[in-house]
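Spelled out, the chains give:
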Amino acid sequence: MTERFTFTLQATDGKARRGEITMPRGTVRTPAFMPVGTAGTVKAMYLDQVRDLGSDIILGNVYHLMLRPGAERVARLGGLHEFARWPHPILTDSGGFQVMSLAALRKLDERGVTFKSHIDGTEYELTPERSIEIQHLLDSDIQMQLDECIRLPAERAEIERAMELSLRWAERSAKAFGDQPGKAMFGIVQGGDVPDLRIRSAERLAAMDLKGYSIGGLAVGEPQAVMLKTLEETLPVLPEHKPRYLMGVGTPDDLLQSVARGIDMFDCVMPTRAGRHGLAYSCFGKINLRNARHADDHRPLDEASACPAARDYSRAYLHHLVRCNEALGGMLLTWINLAYYQDLMAGMRAAIEAGRFADFKAETEAGWARGDI
Ligand SMILES: Nc1nc2c(CCNCC3CCCC3)c3[nH]c(NCCc4ccccc4)nc3cc2c(=O)[nH]1
């Protein structure tokens, strides 16, 4: 049991990194995929299943939890870990991104962002200080600064304004966070797709000597090539011995390409959301179980998978459940997708340890290219 928050780099293979984040609630093996548990639940899953798939950490979110059931209520009920019965690490996002994408009627200024709840129209204000306070009330282990994420494409002036505001909010968030032993607050690098702004943001955050760094402002409509080029420009400016978290990313290919460039942590709604829409991620690539070609296919999705949903059920049955919009369809496909994402991360971790990441990457890409047999 450790009272401190530490990151240890255990191996590297090219720019790919194998490490471990230790904190009082447990250890996170990196590269890590963090299932999104927005409102204290990973949709369509039991958290025991999420754990059994190899998830060391899940995500929560200020925006959703402050609206419902409310941060003070969660604190009264013992914090998010007690509330959701997840005793392992939780990372929370600061809510800014969700405000800009979900809330109605919002105003953003130096103080923070005011918005009306998309649930009942109640007005709220989210400042760097209030966001950190909410994350503290949730008893979050890894907390995010409040930031402003710009959609791309955007004008340089707009990107620069939001990046400079996010830097001022990083200072205020760090001051509000103070010194919480065993916990961490990550800064979030902004700067859009403008190299000199990205470098300025990363340098100023690196100077703050934070416990970890998120790469924000990506997966917001830009092509994958732009995202990867931005990583190549930004990562060398960040300290090697601190974790790097690429926010909101991504597809299995995004994960493979980003680990190859030095990313340690990811979160994305893709595997859970796609599962609810009948889409499976696998070693053969994407498979849409709504497609009629599966109607008579008695084969399981992937007989080599350790996940019962991928190994034991026929494609015909999965197709049937999806076509009938049965709850079990979304449950089984979410299970299949999270299992595949965690298997992919475990494969990358083992490959980096063995110094064969390039081979693993090529084998994985070949499997996707071969497609569904
Ligand atoms: N603070 C902050 N958060 C960002 C997020 C949210 C990360 N997940 C939060 C979880 C907490 C609760 C909800 C999610 C992002 N998500 C994306 N892309 C998602 C792209 C996507 C959209 C739909 C499907 C799949 C991918 N880019 C992001 C950039 C930022 C950012 O700069 N700052």
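This one's a predicted model, so the numbers in the text were calculated from it and none came from an experiment.

(A) Looking closely at the side chain of Asp147. With respect to the element layout, Asp147 can be found in the loop between strand E10 (142-144) and helix H7 (156-177). Here the side chain of Asp147 touches Gln190 through a polar contact of 2.8 Å, side chain to side chain. In this structure Asp147 touches Ser94, Gly96, Ser166, Trp169, Ile188 and Gln190, once residues within four positions along its chain are discounted.

(B) Spatial organisation of the packing of aromatic side chains. Applying the stated criterion to the full structure yields five aromatic pairs. Between Phe115 and Tyr124 the ring centres are 5.8 Å apart and the planes differ by 20°, which places this aromatic pair in the stacked class. For Phe115, a relative accessible area of 0% translates into the label buried. With a relative accessible area of 22%, Tyr124 lands in the partly exposed category.

(C) Examining the sheet that holds strand E5 (residues 58-61) more closely. The strand order across the open sheet built from eight strands is E4-E14-E13-E12-E11-E10-E6-E5, with neighbouring strands paired in parallel fashion. This sheet does not close on itself; its edge strands, each paired only once, are strand E4 (32-35) and E5. Across the sheet, the axes of successive neighbouring strands diverge by a mean angle of 25°, strand direction being ignored. Both E5 and strand E6 (residues 90-93) contribute to a ladder of four bridges, which runs parallel. Bridging across to E6, Asn61 finds its partner in Asp93.

(D) View of the environment of Gln342. The residue Gln342 is located in helix H14 (residues 327-353) in this model. With relative accessibility at 2%, the residue Gln342 sits in the buried group. With sequence-adjacent residues up to four places away left out, Gln342 is seen in contact with Phe33, Pro35, Leu53, Gly54 and Ser55.

(E) Spatial organisation of the site of the ligand. The ligand sits among 24 residues. The nearest are Asp93, Asp147, Gly217, Leu218 and Asp267. Note that a nitrogen atom of the ligand is positioned 2.9 Å from one of the backbone N or O atoms of Ala219. Measuring from a nitrogen atom of the ligand, one finds a side-chain N or O atom of Asp267 at 2.8 Å. If the ligand stood free it would expose 710 Å²; the protein chains cover 86% of that surface. Structurally, the ligand is housed in the largest pocket. Looking at the shell around the ligand, the elements with two or more residues in it are E5, helix H5 (96-102) and strand E14 (265-268). Among the elements that line the shell around the ligand, the one with the most residues is E5, at three residues.

(F) Region of interest: the layout of surface pockets. Approximately 920 Å³ is the volume found for the largest pocket. Lining the largest pocket are 42 residues, with Phe97, Gln98, Gly248, Val269 and Arg273 sitting closest to its centre. For the lining of the largest pocket, the secondary-structure elements that each account for two or more residues are E5, H5, helix H9 (224-234), E14 and helix H11 (270-276). The element contributing the most residues to the lining of the largest pocket is H11, with five residues. Partitioning the lining of the largest pocket into residue classes produces 18 nonpolar, 16 polar and eight charged.

Conventions we followed
- Residues numbered from 1 in each chain as written.
- Predicted model: local features only at pLDDT ≥ 70, side-chain atom pairs only at ≥ 80, totals over all residues.
- Heavy atoms only, no water.
- Helix = DSSP H or I, 4+ residues; strand = E, 2+ residues; numbered from the N terminus.
- Polar contact = N/O pair within 3.5 Å; in protein donor to acceptor, adjacent residues only side chain to side chain.
- Contact = heavy atoms within 4.5 Å.
- Phe/Tyr/Trp six-rings, centres within 6.5 Å; stacked < 30°, edge-to-face > 60°.
- Buried < 20%, exposed > 50% of the residue type's maximum accessible area, 1.4 Å probe, protein only.
- Pairing = 2+ DSSP bridges.
- Axes fitted to C-alpha atoms, helices over the stretch in contact; angles between N-to-C directions.
- Near = heavy atom within 4 Å.
- Areas by Shrake-Rupley, 256 points an atom, 1.4 Å probe, with all protein chains shown as cover.
- 1 Å grid on protein atoms, 1.4 Å probe; cavity = no way out; pocket = protein on both sides within 12 Å on 5 of 7 lines; lining within 4 Å.
- Sits in = over half its atoms within 2 Å of the grid points.
- Points joined across faces, edges and corners; volume = space filled by probe spheres on them.
- Nonpolar A, V, L, I, M, F, W, Y, C, P; charged D, E, K, R; others polar.

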